[in-house]
Amino acid sequence: MKKLGMILSLLIIVALGSIAFKSIRLGGIMGRVTPVDAAASVSLVSGTDTLKAQISQGAFTFTNLKQGVYSVWIRANAPYKDTLIENVAVKDSATTDLGEIKLQQ
C-alpha cells in the first residue's frame, strides 16, 4: 500500500512539473532595407527593452523573441530618413517577415 501511494505521489509531481515548466516557443522578425547602404542600425523596442540587430547587405533578423507586439526602429544614414514600424506582431514559433523596407530621402 505504501508503494502504491509513493507511485501515485510521484506521478502527480511529474504531471505538475510538466505543466509548470511548459516550454516557451520563440519567434522572430526579419526584413530587408533598401537601398542597401541606407540603414545605419536596426533596433527592436518592446516596452523599456531594446535589442539591436546586425545589418548584412540590407537584411536583418531578430530571433528568440517571445510572443508579443514590437516596434522596429531603423536609423538611417543621410540623406535618408529614420523609419519606425509599429505594432509588429510575433506569434509562437513563427518569424514575421517585414519584407522590403524602402527608406525615403
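Structure: above.
What you see is a predicted model, and the numbers here were worked out from it, not measured in a lab. (Residues numbered from 1 in each chain as written. Predicted model: local features only at pLDDT ≥ 70, side-chain atom pairs only at ≥ 80, totals over all residues. Heavy atoms only, no water.)

Caption draft 1: Focus on the environment of F60. Relative to the assigned elements, F60 resides in strand β4 (residues 59-65). Along the backbone, F60 and S41 are 19 residues apart, and their C-alpha atoms lie at a distance of 9.5 Å. Setting aside residues up to four positions removed in sequence, F60 forms contacts with I29, M30, G31, R32, V33, V42, A53, Q54, V72, L98 and I101. (Helix = DSSP H or I, 4+ residues; strand = E, 2+ residues; numbered from the N terminus. Contact = heavy atoms within 4.5 Å.)

Caption draft 2: Looking closely at the sheet that holds strand β1 (residues 27-34). Judged by pairing direction, the sheet is mixed, and its three strands sit side by side in the order β4-β1-β7 without closing on themselves. Because the sheet does not close on itself, it has two edges, and the strands there are β4 and β7 (95-102). Here the strands of the sheet are splayed against their neighbours by 10 degrees on average, with no regard to which way each runs. Sheet topology note: the β1/β4 ladder contains five bridges and is antiparallel. In the sheet register, G27 faces β4, and the bridge partner there is L65. (Pairing = 2+ DSSP bridges. Axes fitted to C-alpha atoms, helices over the stretch in contact; angles between N-to-C directions.)

In short, the description is geometric, and any link to function would need to be established separately.
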